[in-house]
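Geometric and topological summary
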Amino acid sequence: MTRWYAERKRDHYYKEAKKQGYRARSAFKLLQIQNRYRVLKKGCIVIDLGASPGGWSQIAAKYASVVVAVDLQPMKPLDKVIFVKGDITKDEIIEKIGEHIDEADVVISDASPNITGNYTMDQARSVWLCENALKIAKHFLRDGGNFVCKIFEGEDYPAFLEKVRKNFRMVKAHSPQASRKQSSEIYIIAKGFRRDFII
Ligand SMILES: C[S@@+](CC[C@H](N)C(=O)[O-])C[C@H]1O[C@@H](n2cnc3c(N)ncnc32)[C@H](O)[C@@H]1O
């Protein structure tokens, strides 16, 4: 794909997000994941990590009974969404989320590190966010629950994917159409959490 075409496509999702009232173009990534993998079910309880400004929470709230959204940055209120300001890499986040829910059906994470331009460092930070998202998922998910996590492809990616495979019955790596073509981001889709088999 040419750079021109990639930019036009990005622009297309940006305009579409504005038109449809989504807070971020990334909402389309979760929509595309949902259309393909059906990770969200009616009435489910969702934890949305790295949630601000709220595009994914908007999509999740269409299905969920409640969404607990976590981010370092503030987020404007949304119907059915409880916002928790905090760092997903800190232990106390489990307690903060636990003030609102005991368990969840789905954990989604679109958390991204601040991009430094040093890819090795950015990738390592992305994996660190994913490790923490998985830890939160393992704490809260019910048996059979689902997990979606954005990761930057690179050196540490295969080992992380393997870890996810051990804890879920079905695991796929997916690049949504709405991701920029040049981007190295991948979404791990994991279904069927094995509560009895936590590693
Ligand atoms: C790509 S944005 C998420 C967009 C969001 N999914 C949406 O649809 O609106 C990535 C988010 O990850 C958050 N983030 C990065 N590191 C974090 C951390 N350690 N704890 C919590 N949030 C974090 C950033 O503040 C940022 O808002």
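Look a little higher up for the structure.
Description of the structure in this document. Quick caveat, the model's predicted, so the values are computed rather than measured. Starting afresh in each chain, residues are numbered from 1 along the sequence in its written order. Under the rules for a predicted model, residues below a pLDDT of 70 receive no local features and side-chain atom pairs below 80 are neither given nor counted, while totals for whole chains, interfaces and linings still include all residues. Just so you know, side-chain values use all the structure's heavy atoms and leave hydrogens and water out.

1. Thoughts on the overall build of the protein
Note the following rule: Under the scheme used here, helices are H or I runs from DSSP no shorter than 4 residues and strands are E runs no shorter than 2 residues, and both carry numbers assigned from the N terminus. Between the two quantities, the radius of gyration covers C-alpha atoms and the globule rule is 2.2 Å times the number of residues to the power 0.38. Under the scheme applied here, a residue whose accessible area is under 20% of the maximum for its type counts as buried, over 50% as exposed, and between as partly exposed, the area being computed with a 1.4 Å probe on protein chains only. Here, residues are in contact when the closest pair of their heavy atoms is within 4.5 Å. In this count, Lys and Arg are taken as positive residues and Asp and Glu as negative ones, while His and the chain termini are left out. All charge positions are set by atom: Lys at NZ, Arg at CZ, Asp at CG, Glu at CD.
Counting its regular elements, the protein contains six helices and seven strands. The helix and strand sequence of the protein, counted from the amino end, reads α-α-β-α-β-β-α-β-α-β-α-β-β. For 199 residues, the compact-globule estimate of 2.2 N^0.38 gives 16 Å, and the protein sits close to it at 16 Å. Once the C-alpha set of the protein is aligned to its principal axes, its extents read approximately 50 × 40 × 30 Å. Considering the protein as a whole, with its 199 residues, one finds that 51% of them fall into the buried category. In the protein, once contacts between residues fewer than 6 apart in sequence are set aside, the share between residues at least 24 apart is 61%. In the protein, the 35 positive side-chain charges and the 24 negative ones have mean positions that sit 8 Å from each other.

2. Considering the site of the ligand
Here is the rule we go by: To be near a molecule or strand, a residue needs just one of its heavy atoms within 4 Å of it. Between N or O atoms, a polar contact is any pair within 3.5 Å; within protein, one atom must be a potential hydrogen donor and the other a potential acceptor, and residues adjacent in sequence are included only when both atoms are from side chains. With residues, only the protein chains shown are counted as cover, and all accessible areas are computed by Shrake-Rupley using a 1.4 Å probe. Throughout, the protein atoms alone are placed on a 1 Å grid, and a set of points is a cavity if a 1.4 Å probe fits but cannot get out or a pocket if it is open with protein on both sides within 12 Å along at least five of seven lines; lining residues have an atom within 4 Å of a point. To be counted as sitting in a cavity or pocket, a molecule needs more than half of its atoms within 2 Å of that site's grid points. Residues are grouped as follows: nonpolar covers Ala, Val, Leu, Ile, Met, Phe, Trp, Tyr, Cys and Pro; charged covers Asp, Glu, Lys and Arg; every other residue, Gly included, is treated as polar.
By nearness alone, 21 residues border the ligand, and S26, G55, D71, D87 and D110 come closest of all. For the ligand, an oxygen atom lies 3.2 Å from a polar atom in the backbone of S52. I88 places a main-chain nitrogen or oxygen 3.0 Å from a nitrogen atom of the ligand. For the ligand, whose unbound accessible area comes to 610 Å², protein coverage reaches 85%. With respect to the detected pockets, the ligand is housed in the largest pocket. Its residues assigned to classes, the shell around the ligand comprises eight nonpolar, nine polar and four charged.

3. Examining empty space enclosed by the protein
Test applied: Grid points are joined across faces, edges and corners, and a volume is the space filled by probe spheres set on the points.
Following the criterion strictly, the structure yields one cavity of 30 Å³ or more and no others. In this structure, the largest cavity encloses a volume near 30 Å³. Forming the boundary of the largest cavity are I88, T89, K90, D91, I93, I94, N132, K135 and I136. Considering every element that reaches the lining of the largest cavity, the biggest residue donor is helix α5 (residues 119-140), with three residues.

4. With respect to the packing of aromatic side chains
So the rule is basically this: Each pair of aromatic rings taken from Phe, Tyr and Trp, with Trp reduced to its six-membered ring, is defined by centres within 6.5 Å and is described as stacked if the planes are under 30 degrees apart, edge-to-face if over 60, and tilted in the remaining cases.
One pass over the full model with this rule turns up five aromatic pairs. Seen from their ring centres, Y13 and F28 are 5.5 Å apart, and the 45° between their planes marks the pair as tilted. You can see Y13 sitting in helix α1 (residues 3-20) and its partner F28 sitting in helix α2 (residues 27-37), a full 15 residues away along the chain. Take Y13: its relative accessible area is 9%, and that puts it in the buried class. Judged by centre distance (5.9 Å) and plane angle (15°), the rings of F147 and F168 are stacked. Residue F147 is found in strand β5 (residues 141-152), and its partner F168 is found in strand β6 (residues 168-174); the two are separated by 21 residues along the sequence. Taking the relative accessible area as the measure of exposure, F147 reaches 0% and is therefore buried. Ring-pair connections join several aromatic residues into one group, and the members of that group are Y13, Y22 and F28.

5. Comments concerning the layout of surface pockets
Here the largest pocket defines a volume of roughly 920 Å³. Residue assignment for the lining of the largest pocket shows that the elements contributing at least two residues are α3 (55-63), α5 and β5. Residue contributions to the lining of the largest pocket peak at three residues, all from α5. Among the residues forming the lining of the largest pocket, the class breakdown is twelve nonpolar, eleven polar and nine charged.

6. A few points about the packing of α5 against helix α6 (residues 157-167)
The test is simple: Between N-to-C directions, angles cover 0 to 180 degrees, with each direction set by a line fitted to C-alpha atoms, over the stretch in contact for helices. To sort the angles, those under 35 degrees are grouped as roughly parallel, those over 145 as roughly antiparallel, those from 65 to 115 as roughly perpendicular, and the leftovers as oblique.
α6 packs onto α5 with a crossing angle of 10° between their chain directions and a minimal axis gap of 10 Å. Considering the angle they form, α5 stands roughly parallel to α6. Contacts between α5 and α6 involve Q123, V127, C130, E131, L134 and K138 on the former and, on the latter, Y157, F160, K163, V164 and N167. Here the contact of α5 with α6 is composed, by residue class, of six nonpolar, two polar and three charged.

7. Remarks on the nonpolar core
This is how it is decided: To form a nonpolar core, buried Ala, Val, Leu, Ile, Met, Phe, Trp, Tyr and Cys residues must be joined to one another through side-chain atoms within 4.5 Å.
Core analysis: the largest hydrophobic core is formed by 37 residues, its most contacted members being L49, I97, F147, F160, V164 and F168. No other element matches α5, which puts eight residues into this core. Listed in part, the 29 residues of the second largest apolar core include Y13, L40, A64 and V148.

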